[in-house]
Amino acid sequence: TGTSGNNKKKVFVQGGQHAREWVGPATVVFLIESLVANYSKNDQFGRDAKELMDTTEFYVVPLLNVDGYLFSWSSNRLWRKNRRLVSGTSTYGVDLNRNWDGANWCNLGASKTPSSDTYCGPSAFSEPETQVSSRWFKANGPYAGSIDYHSYSQLMLRPWGHVNTPPADEARLKQLGDGYAAAIRSYSNRVYRSIPSYQLYYTTGTASDNWKWTSGVNSPLSYTVELRPPEGDSAGFQLPANQIAPNCAENWAAFVYFVKDIKA
């Protein structure tokens, strides 16, 4: 947060739940570095950074799945899960973004088979990563908004993921999500679709649905952003290096819109 301002709203930002999605942590680090490095500058970047920092407290987890991320660098570029040995098996890893508690946990878009890429774990919050992040999240809330950064497909996903019934504040969620996508389109002409999560596929145990599901004390405006490249692109999770900086810059423009638009 900045050195000025009182009664600040809180925003939670997280990246790197899935090991192979390298551009997620890169984007979160870029956003935070942009806030800090530009805070005192007298240009548009600086004015935006100062306004955001003086009105907002940011709570940030740049990289949740540290061991999985390191494994994707050293051994298996497309590894997704964490690297905890599943008890009673020779299989490693739980999909952290299926391990958050929520309605109908592990019933949709998740697997109870340890070898699956979407293995939800033996129970909700069984993993140290989700335990620590969720406890820290709850301890510092409530939040005005939250974003979990992933890749890929260029999507702004809002609740719900587990049902096709919209939340009571669907109009507001849609407006903010559409605005995020529009800010990217205005900055770089990249097209991000703003849709309910279930329209991509039904899932349970995800962070953004958990944050929304517990919104009485946490974050009613919770989203998952799927970064570059677009759906169907052959690069997939291996975003070319020359696209990392443009991806981060366009999401900075959208993040500025997002934080300015939400209220304490």
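As the structure is a computational prediction, the values presented were derived from the model and not from experiment.

Each value, and the rule that gives it
Residues numbered from 1 in each chain as written. Predicted model: local features only at pLDDT ≥ 70, side-chain atom pairs only at ≥ 80, totals over all residues. Heavy atoms only, no water. Disulfide = S-S within 2.5 Å. Helix = DSSP H or I, 4+ residues; strand = E, 2+ residues; numbered from the N terminus. Phe/Tyr/Trp six-rings, centres within 6.5 Å; stacked < 30°, edge-to-face > 60°. Buried < 20%, exposed > 50% of the residue type's maximum accessible area, 1.4 Å probe, protein only. Lys NZ or Arg CZ within 6 Å of the ring centre and 35° of its normal.

Novice: What is the right way to look at the state of the cysteines in this model?
Specialist: A covalent bond between the sulfur atoms of two cysteines is what we call a disulfide. In total, this model carries one disulfide according to the counting rule given. Covalently, Cys-106 is tied to Cys-120 through a disulfide, its sulfur atoms 2.0 Å apart. With the S-S dihedral at roughly -80 degrees, the linkage between Cys-106 and Cys-120 falls on the left-handed side. With Cys-106 in the loop between helix H3 (66–74) and helix H4 (128–140) and Cys-120 in the loop between H3 and H4, this residue pair connects regions lying 14 residues apart in the sequence.

Novice: Just to check I follow, could you spell out the packing of aromatic side chains for this structure?
Specialist: Geometrically, a pair of aromatic rings is defined through the distance of the ring centres and the angle of the planes. Throughout the structure, instances matching the rule amount to 20 aromatic pairs. Residues Phe-71 and Trp-79 carry aromatic rings whose centres are separated by 5.4 Å and whose planes lie at 75 degrees to one another, so their mutual orientation is edge-to-face. Each member of the pair, Phe-71 as well as Trp-79, is classed as buried. One aromatic cluster is present, built from ring pairs that chain together Phe-12, Tyr-59, Trp-100, Phe-125, Trp-136, Phe-137, Tyr-143 and Trp-211. Positioned above the aromatic ring of Trp-22, the side-chain terminus of Arg-77 is 3.6 Å from the ring centre. Here the basic side chain of Arg-83 rests over the ring of Trp-79, its NZ or CZ set 4.9 Å away from the ring centre.

Novice: Is there a simple way to think about unusual backbone geometry in this case?
Specialist: Among all residues save glycine, negative phi is the norm, and among peptide bonds the norm is trans. Tyr-152 follows Ser-151 through a cis peptide bond whose omega is 10 degrees. Within the secondary structure, Tyr-152 is located in strand E3 (residues 145–153). With omega at 5 degrees, the peptide bond leading from Pro-159 into Trp-160 counts as cis. Its place among the elements puts Trp-160 in the loop between strand E4 (155–158) and helix H5 (170–188). Of note in this structure, Asn-189 is not a glycine but carries a positive phi near 70 degrees. Note on placement: Asn-189 falls in the loop between H5 and strand E5 (193–196).

Limitation: the analysis is restricted to geometry and does not speak to function.
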